[in-house]
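Per-entry structural report
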Amino acid sequence: MTNGKVYIVGAGPGDEKLITVYGLECIQQADVIIYDRLINKNLLKYAKSGAELIYCGKEPGKHAFIQERIHELLVEKAKQGKIVTRLKGGDPCVFGRVGEEAEVLAHHGIPFEIVPGVTAGIAAAAYAGIPVTHREYAASFTIVTGHGRQEKGDDRLHWEGLAKGSDTIAFYMGIGNLSYICQKLIEHGKPSNTPVAVIEWGTTERQRTVVGTLQTITDIVKKAGLSHPAIILVGEVVRLRETIQWFAEMDRGETVATT
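The notes below deal with the structure included here. A quick note: this is a predicted structure, and the numbers were derived from the prediction, not measured.

1. Structural notes on the state of the cysteines
Overall, the coordinates contain zero disulfides when judged by the stated rule. The cysteine Cys-26 is free of any disulfide, with Cys-93 supplying the nearest cysteine sulfur at 14 Å.

2. Looking at the pattern of salt bridges
A full pass over the atoms with the stated rule returns 15 salt bridges. Between Arg-69 and Glu-76 there is a salt bridge, with the nearest N and O atoms lying 3.8 Å from each other. Residue class for Arg-69 comes out partly exposed when judged on its relative accessible area of 28%. You can call Glu-76 partly exposed: its relative accessible area is 33%. Among the ionic pairs, Glu-200 bridges to Arg-208, the shortest N-O distance being 2.9 Å. The buried category is assigned to Glu-200, whose relative accessible area is 7%. Owing to a relative accessible area of 13%, Arg-208 belongs among the buried residues under this scheme. Among the ionic contacts, a cluster of salt bridges with common partners joins Asp-36, Arg-86, Lys-88 and Glu-101.

3. With respect to the nonpolar core
By size, the foremost hydrophobic cluster in this structure holds 23 residues, and its most contacted members are Phe-171, Leu-185, Val-198, Ile-217, Val-221, Ile-232 and Val-234. Taken together, the elements giving at least two residues each to this core come down to helix 5 (159-165), strand 9 (168-172), helix 6 (178-187), strand 10 (195-200), helix 7 (217-224) and strand 12 (230-234). For this core, the leading source of residues is helix 6, giving five residues. When near neighbours in sequence (up to four residues on either side) are disregarded, Leu-185 contacts Trp-159, Leu-162, Ala-163, Ile-169, Phe-171, Lys-190, Leu-214 and Val-234.

4. Some points on the side chain of Thr-194
If you trace the backbone, Thr-194 turns up in the loop between helix 6 and strand 10. For Thr-194, a relative accessible area of 4% puts it in the buried group. At 2.7 Å, the side chain of Thr-194 and the backbone oxygen of Pro-191 are in polar contact. Apart from residues lying up to four places away in sequence, Thr-194 is in contact with Gly-212, Thr-213, Leu-214, Val-234, Gly-235 and Glu-236.

5. Notes on a nonpolar patch on the surface
On the surface, a cluster of nonpolar side chains totalling about 240 Å² of accessible area is made up of Phe-95, Ile-143 and Met-173. Note on Ile-143: relative accessible area 31%, which makes it partly exposed.

6. Digging into the packing of helix 2 (residues 67-79) against helix 3 (residues 98-107)
Two quantities define a packed helix pair, namely the angle between the axes and the distance from one axis to the other. Across the interface, helix 2 lies against helix 3 with an axial gap of 10 Å and an inter-helix angle of 40°. Compared by their axis directions, helix 2 and helix 3 come out oblique. In the crossing of helix 2 with helix 3, the sense of the turn from one axis to the other is right-handed. Within the contact between the two elements, helix 2 uses Gln-67, Ile-70, His-71, Leu-74 and Val-75 and helix 3 uses Glu-100, Glu-101, Val-104 and Leu-105. The class makeup of the residues in the contact of helix 2 with helix 3 is five nonpolar, two polar and two charged.

Thresholds applied
- Per chain, the residues get numbers from 1 upward, laid out in the order the sequence is written.
- Where local features are concerned, this predicted model is filtered to residues with pLDDT of at least 70; where side-chain atom pairs are given and counted, the filter is 80 or more; whole-chain, interface and lining totals use all residues.
- With hydrogens and water excluded, all non-hydrogen atoms of the structure serve as input to the side-chain values.
- For this text, the term disulfide refers to a pair of cysteine sulfurs within 2.5 Å.
- Each salt bridge in this description consists of a side-chain nitrogen of Lys or Arg and a carboxyl oxygen of Asp or Glu lying within 4 Å of one another.
- To sort residues, take the accessible area from a 1.4 Å probe on protein chains only and compare it with the maximum for the residue type: under 20% means buried, over 50% means exposed, and anything in between is partly exposed.
- Throughout, nonpolar core names a set of buried Ala, Val, Leu, Ile, Met, Phe, Trp, Tyr and Cys residues whose side chains join them through atoms within 4.5 Å.
- Helix and strand assignments come from DSSP, with helices taken as H or I runs of at least 4 residues and strands as E runs of at least 2, each series counted from the N terminus.
- By definition, residues are in contact when any of their heavy atoms lie within 4.5 Å.
- We define a polar contact as two N or O atoms separated by no more than 3.5 Å, with the added condition that, inside protein, one atom must be a possible hydrogen donor and the other a possible acceptor, whereas residues neighbouring each other in sequence contribute only through side-chain atom pairs.
- Each patch is built from residues lacking any salt bridge and having more than 30% relative accessible area; the joining distance is 9 Å for like charges and 5 Å for nonpolar side chains (Val, Leu, Ile, Met, Phe, Trp, Tyr).
- Throughout, the Shrake-Rupley method with a 1.4 Å probe supplies accessible areas, and for residues the shown protein chains are the sole cover considered.
- Every axis in this analysis is a line fitted to C-alpha atoms, fitted for helices over the stretch in contact. Angles between the N-to-C directions lie between 0 and 180 degrees.
- Comment on the angle field: the value is read as roughly parallel under 35 degrees, roughly antiparallel over 145, roughly perpendicular from 65 to 115, and oblique elsewhere.
- By the definition used in this description, the sense in which the near helix is turned from the far one sets the handedness, with an anticlockwise turn below a right angle giving left-handed and a clockwise turn giving right-handed.
- Residue type decides the class: Asp, Glu, Lys and Arg count as charged, Ala, Val, Leu, Ile, Met, Phe, Trp, Tyr, Cys and Pro as nonpolar, and the leftover types, Gly among them, as polar.

This is the structure in structure tokens:
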């Protein structure tokens, strides 16, 4: 039997309208859709009749499938001659493990395409009224994982480079490490009054944003009860939210940044 094909698709950050035209086409033509937790489930309504829908979402401490099982599924379904759409939140190349999945497909000789998506670090910020670059405030933008922690022996970040070399920093998957992230940035030269925004469920009707500084944001987030999924945005551009916020948020309980 001739192998099928796998499309590794970025579904965007949450708002279903932010998926690309090509990404939507991949959903519509798929025989099998293997999808993650953070995609907008409304996108599944575009699947063709009879398409097999397989949930493989992951959240802290609870995985529907381990990554190796996802690899097995992609290979198994494609070898049955099926068109498989692997649907991931945001952009598959930004902390989406696309490299691992593509390597497995290549190893098995299965044709695949990577279909980029809108990543949350830019989109959630935009919906919160914060452009990640600005001619006056930010000429650089860095995307960073918030997972690693020095006390766990898993911190490979160049903190001094982040603190002194990037105007705007977006931390993904870092809400549980917020205090540690702020501490390390201050230790390595970022002023403690640097503005910080934390955006929960960005671009969706559940979006909430709180704003503070490296010194105050941990307490603000705790008081507001924000949790994952959330983007942590650090930099002077956060101040622009006060002027250009446009997206109506639910019960945001905002705290304005102080200097």
